[in-house]
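Chain by chain, the residues run as shown.
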Amino acid sequence: MIRRREFITLLGGAAAWPLAARAQQSALPVVGFLAGETPELRAGHVRAFRQGLSEQGYVEGRNFSFEFRWAEGRNDRLPALAADLVRRQVGVLVGGGTPPALAAKAATSTIPILFDTGGDPIDLGLVSSLNRPGGNLTGATSLNVEIGPKRLELLHELVPTARIIALLVNPTNPNGDALSRHVQTAARTLGLELHVLNASTERDFDSAFATLAQVQAGGLVIATDGYFLGQSEQLGTRVLRRRVPAIFAYHEFAAAGELVSYGGSLTDQYRLLGIYTAPAFSRARGRPICPSSRSQRSS
């Protein structure tokens, strides 16, 4: 497991958000926070987001307020939840994860959107470039999709005798196809046989792990996904039961007793998103703040 923040990239361009994007005429600007999981799962990320805002002088209840919407593992609910936040005229809309970010983008072209994603924001259609995102979106990416092949390589180094590897993917995640392609290419380079297993609900885990046993996989790579993050303990239990070495992007997996995790820190990513929300508030209140428009990489 790594703790460094070397993968997190913060996108520039918040200063380009349109002047028309502003909170409902009220005393406090409002952050609309949209996530695909539950409040319990995102509690640490929300704390980190609050910390980033506080570093810029924003304290909840004093000079901003929150509106939360939780899809509770059902991505099909996200468009309606995003539309509800837009109707409430929040000042900033935060998309916690790729599916919420895409739902937010589809819901508004004027309200500033801060997104968190594990994939390439350009490939996902969130922004036009990293240095100058354009439109009303900016955010941070951990590039967890792009380092998916590295997880396979690490697992291969740890279990060199395993020639058959499984990859668990959530087919409802927009990053799923890209990650599968990247890992499949890496598997061929390493001379490994890769089997892609799909799961988007708890019930799907039964068939996925049954297939894992049938193909006699000697290792498991778990794709980056918000739903999987929320199921870290259950995934860990199933992996231990099958006695298969596994690797995941998030430290919660390793904390649950599994072999290893490798990826960017979501906590750091949400603190950066909090820092980047301040310019949107300032602009809405007529006091522009112009952060650097270049990409920033934490160290």
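Reference entry: report on the structure contained in this document. The structure presented is a predicted model; accordingly, all values stated were derived computationally and were not measured.

**Some points on the overall build of the protein chain**
Next, step 1: Helix and strand counts for the protein chain stand at 10 helices and 12 strands.
Next, step 2: The burial tally for the protein chain puts 54% of its 299 residues in the buried class.
Next, step 3: Accessible surface for the protein chain amounts to roughly 12,800 Å². Of this, 49% is attributable to carbon and sulfur atoms.

**Here's the deal with the sheet that holds strand β7 (residues 164-169)**
Strands in a sheet are paired, the pairing made by backbone hydrogen bonds, and the direction either parallel or antiparallel.
Next, step 1: Overall, parallel pairing links the 5 strands, which are arranged β8-β7-β9-β10-β11 in an open sheet. Edge positions in the sheet fall to β8 (193-198) and β11 (260-261), since each of these pairs with one other strand and no more.
Next, step 2: The pairing of strand β10 (residues 246-248) with β11 spans 2 bridges and is classified as parallel. When the sheet's bridge partners are listed, F248 is paired in β11 with S261.

**Description of the packing of helix α2 (residues 78-87) against helix α3 (residues 98-107)**
Next, step 1: In contact at an axis separation of 8 Å, α2 and α3 are set at 50 degrees when each is read in the N-to-C sense. One way to sum up the angle between α2 and α3 is to call them oblique. Considering only the axes of α2 and α3, their crossing is right-handed. Along its contact with α2, which presents L78, P79, A82, A83 and V86, the element α3 presents P99, P100, A103, A104 and A107.
Next, step 2: Split into classes, the residues belonging to the contact of α2 with α3 amount to 10 nonpolar, no polar and no charged.

**Let's talk about the nonpolar core**
Next, step 1: Counting 25 residues, the largest nonpolar core has L168, F205, L220, I222, F228 and L235 as its most contacted members.
Next, step 2: Apart from the residues within four sequence positions on either side, F205 is in contact with L168, A199, Y227, F228, Q231, Q234, L235 and R238.

**Points about the side chain of N173**
Next, step 1: The residue N173 is located in the loop between β7 and α5 (176-190) in this model.
Next, step 2: By relative accessible area, N173 is classed as buried at 9%.
Next, step 3: Of the polar contacts made by the side chain of N173, one reaches the side chain of D225; its length is 2.7 Å.
Next, step 4: Among all residues touching N173, those that are not within four sequence positions of it are T98, T224 and D225.

**So, the layout of surface pockets**
Next, step 1: In this structure, the largest pocket encloses a volume near 370 Å³.
Next, step 2: What lines the largest pocket is a set of 30 residues, among which E37, N173, D225, G226 and Y227 lie closest to the centre.
Next, step 3: Where the lining of the largest pocket is concerned, the elements lending two or more residues are α3, β5 (113-117) and α7 (226-230).
Next, step 4: Its residues placed into classes, the lining of the largest pocket shows 6 nonpolar, 18 polar and 6 charged.

**Some remarks on unusual backbone geometry**
Leaving glycine out, the prevailing phi sign among residues is negative, and the prevailing peptide bond configuration is trans.
Next, step 1: The phi dihedral of Q89 is positive, around 55 degrees, even though this residue is not glycine.
Next, step 2: With a relative accessible area of 43%, Q89 lands in the partly exposed category.

**Some points on the side chain of N175**
Next, step 1: Inspection of the secondary structure assignment puts N175 in the loop between β7 and α5.
Next, step 2: When its relative accessible area of 6% is taken as the criterion, N175 is described as buried.
Next, step 3: A polar atom in the side chain of N175 sits 3.0 Å from the side chain of T98.
Next, step 4: For N175, the contacting residues outside a window of four places in its chain are T98, T117, G118, G119, L124 and V145.

**Let's talk about the pairing of strand β4 (residues 92-96)**
Next, step 1: By the criterion of burial, β4 is predominantly enclosed, with 5 of the 5 residues buried.
Next, step 2: Burial of β4 is two-sided: the residues V92, V94 and G96 facing one way and the residues L93 and G95 facing the other way are all buried.
Next, step 3: Relative to β4, strand β2 (residues 30-35) is paired through 5 bridges, and the arrangement is parallel. When the sheet's bridge partners are listed, A35 is paired in β4 with G96.
Next, step 4: The pairing of β4 with β5 spans 4 bridges and is parallel. Across the sheet, residue G95 finds its bridge partner in β5, namely F115.
Next, step 5: Where the polypeptide runs from β4 across α3 and back to β5, its parallel neighbour, the crossover connection is right-handed.

**A few points about the pattern of salt bridges**
Side chains that differ in charge, positive against negative, can pair when their charged atoms come close.
Next, step 1: Taken as a whole and judged by the stated rule, the model has 11 salt bridges.
Next, step 2: For R50, the salt bridge is made with E60, and the minimal N-O distance between the two is 2.6 Å. Pair noted here: R50 is in helix α1 (residues 39-55) and E60 is in the loop between α1 and β3 (65-70), with a separation of 10 residues, a long-range link.
Next, step 3: Given the relative accessible area of 31%, R50 is considered partly exposed.
Next, step 4: A salt bridge links D206 to R238; the shortest N-O distance between them is 3.0 Å. With D206 in helix α6 (residues 202-214) and R238 in helix α8 (residues 232-242), this residue pair connects regions lying 32 residues apart in the sequence.
Next, step 5: Exposure remark for R238: the relative accessible area of 13% places this residue in the buried category.
Next, step 6: A network of salt bridges, in which partner residues are shared, links E67, R69, D84, R87 and R88.

Reading the values: rules and limits
- Residues numbered from 1 in each chain as written.
- Predicted model: local features only at pLDDT ≥ 70, side-chain atom pairs only at ≥ 80, totals over all residues.
- Heavy atoms only, no water.
- Helix = DSSP H or I, 4+ residues; strand = E, 2+ residues; numbered from the N terminus.
- Buried < 20%, exposed > 50% of the residue type's maximum accessible area, 1.4 Å probe, protein only.
- Areas by Shrake-Rupley, 256 points an atom, 1.4 Å probe, with all protein chains shown as cover.
- Pairing = 2+ DSSP bridges.
- Axes fitted to C-alpha atoms, helices over the stretch in contact; angles between N-to-C directions.
- Parallel < 35°, antiparallel > 145°, perpendicular 65-115°, else oblique.
- Left-handed = near helix turned anticlockwise from the far one by under 90°.
- Contact = heavy atoms within 4.5 Å.
- Nonpolar A, V, L, I, M, F, W, Y, C, P; charged D, E, K, R; others polar.
- Core = buried A, V, L, I, M, F, W, Y, C linked by side-chain atoms within 4.5 Å.
- Polar contact = N/O pair within 3.5 Å; in protein donor to acceptor, adjacent residues only side chain to side chain.
- 1 Å grid on protein atoms, 1.4 Å probe; cavity = no way out; pocket = protein on both sides within 12 Å on 5 of 7 lines; lining within 4 Å.
- Points joined across faces, edges and corners; volume = space filled by probe spheres on them.
- Right-handed = clockwise from strand over helix to strand, strands pointing away.
- Salt bridge = Lys/Arg side-chain N within 4 Å of Asp/Glu carboxyl O.

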